[in-house]
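Examining the three-dimensional arrangement
Chain residues, written in single-letter form:
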Amino acid sequence: MKIAVDAFGGDNSPLEIIKGAKMAYAEYKIDIILVGDEKIIEKVCKENNIGLEGIKIKHAPDIIGMEDPPTDITRSKKESSMAVGLKMLKEDETDGFISAGNSGALTVGSTLIVKRIKGIKRCAFAPVIPKQKGFFMLIDSGANLECRPEMLEQFGMMGSIYMEKVMGIQRPRVGLVNVGTEEHKGDTLRKETFELFSKSSLNFIGNIESRDIPKDAADGVVCDGFTGNIILKMYEGMASVLMRKFKEVLSKNIKTKLAASLIIPELKNMKKDMDYNEYGGAAIMGISKPVFKAHGSSKAKTIKSAIRLTKDYIQNDVIKIISQSIDHTKE
């Protein structure tokens, strides 16, 4: 198995990307290809005493930045690390591709270079996020700001397959984000999507409200990308605030410090459970080959986790199962 990683995507590239790739190679023993300017990668490795044993470099002289228009990936930025990595995936030089770079460019590049699965109307960002017990998939979290009911139906199907095959959840519960749990609630999009889900073979549990998402409301949380992106960023912000508040309370005085010393292991476990770095990133569901979007602020641990998720995605034939499900739906 070969997985290519965009060495120049994200806020902490290339150093943290390189470190994450090394950590993943050491643990998973799969072939990893760093895509980017070869001289810069080698220079950073030398400066930080990082050996490149087991890792190859695919030279790409350009970078597509966060400020660049997404369509540049197929125009002025054809030689960027992201574009070259996607071309490698298209031409079967690698089995999967990961980038922490420009989300819009990765969506456009995945769609135009690698292409969607036949029958899938839109690809979707699908991060796996911690909740009160376990984790859930949020699909879509930002790729499609406007959606049609049939798109949301496909998001639910793809999310259900991923949660079962990669995350090991039997018969995943699929919920539709809405302003109320009653069947008649919501706008036309939500009402029509509810009807489609009700007729599907998915384990559809109905409408769910955003306040219940962290409380184990569903395993697959379906919404349009505009709603999903707001949920995702609010979720990340609140997790960060809560952890800081815990720290403030437990370091307030000698009494709270003593109490903290007794529960440090539990606090560390909770922090780990709520840390998005443990989950690596979001699969771009609906693309014909495995593409993962890592968080823009990814550190080494995040990249390592993204490589693990991509490996599991490949090994469990998620794309093949989605394709078969689309064919079955047509029939």
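Everything below is about the structure printed above this text.
A brief look at the structure comes next.

What counts, and at which threshold
Residues numbered from 1 in each chain as written. Predicted model: local features only at pLDDT ≥ 70, side-chain atom pairs only at ≥ 80, totals over all residues. Heavy atoms only, no water. Disulfide = S-S within 2.5 Å. Buried < 20%, exposed > 50% of the residue type's maximum accessible area, 1.4 Å probe, protein only. Helix = DSSP H or I, 4+ residues; strand = E, 2+ residues; numbered from the N terminus. Pairing = 2+ DSSP bridges. Axes fitted to C-alpha atoms, helices over the stretch in contact; angles between N-to-C directions. Parallel < 35°, antiparallel > 145°, perpendicular 65-115°, else oblique. Left-handed = near helix turned anticlockwise from the far one by under 90°. Contact = heavy atoms within 4.5 Å. Phe/Tyr/Trp six-rings, centres within 6.5 Å; stacked < 30°, edge-to-face > 60°. Lys NZ or Arg CZ within 6 Å of the ring centre and 35° of its normal.

Our focus in this paragraph is the state of the cysteines. Taken as a whole and judged by the stated rule, the model has zero disulfides. Summary of cysteine pairing: C147 is not part of a disulfide, and the nearest cysteine sulfur, belonging to C223, is at 8.3 Å. Under the relative-accessibility criterion, C147 is labelled buried at 14%. The class for C223 is buried, based on a relative accessible area of 1%.

Further remarks concern the pairing of strand 6 (residues 135-139). Successive side chains on a regular strand alternate, one facing one side of the sheet and the next facing the other. With four of its five residues buried, strand 6 lies for the most part within the structure. Bridge analysis of strand 5 (residues 124-130) against strand 6 gives three bridges, and the strand direction is antiparallel. Bridge pairing in strand 6 links I129 to F136. The loop that links strand 5 with its antiparallel partner strand 6 comprises four residues; one of these, G134, has a positive phi angle of about 85°.

Moving on, we get to the packing of helix 5 (residues 149-165) against helix 6 (residues 188-199). Their axes nearest at 9 Å, the elements helix 5 and helix 6 cross at an angle of 50°. As far as their axial angle goes, helix 6 and helix 5 are oblique. Helix-helix and strand crossings are classified by hand; for helix 5 and helix 6 the assignment is right-handed. Taking contact as the criterion, the partners of P149, E150, L152, E153 and G156 in helix 5 are, on helix 6, L189, E192, T193, L196 and F197.

For the rest of this paragraph, the subject is the packing of aromatic side chains. Applying the stated rule across the entire model yields five aromatic pairs. Taken together through their ring pairs, the aromatic side chains of Y162, F292 and Y313 make up a single cluster. The ring of Y25 is capped by K29, whose NZ or CZ atom sits 5.7 Å from the centre of that ring. We note K311 situated over the ring of Y28; from NZ or CZ to the ring centre the distance is 5.5 Å.

Taken by themselves, the reported measurements are silent on function.
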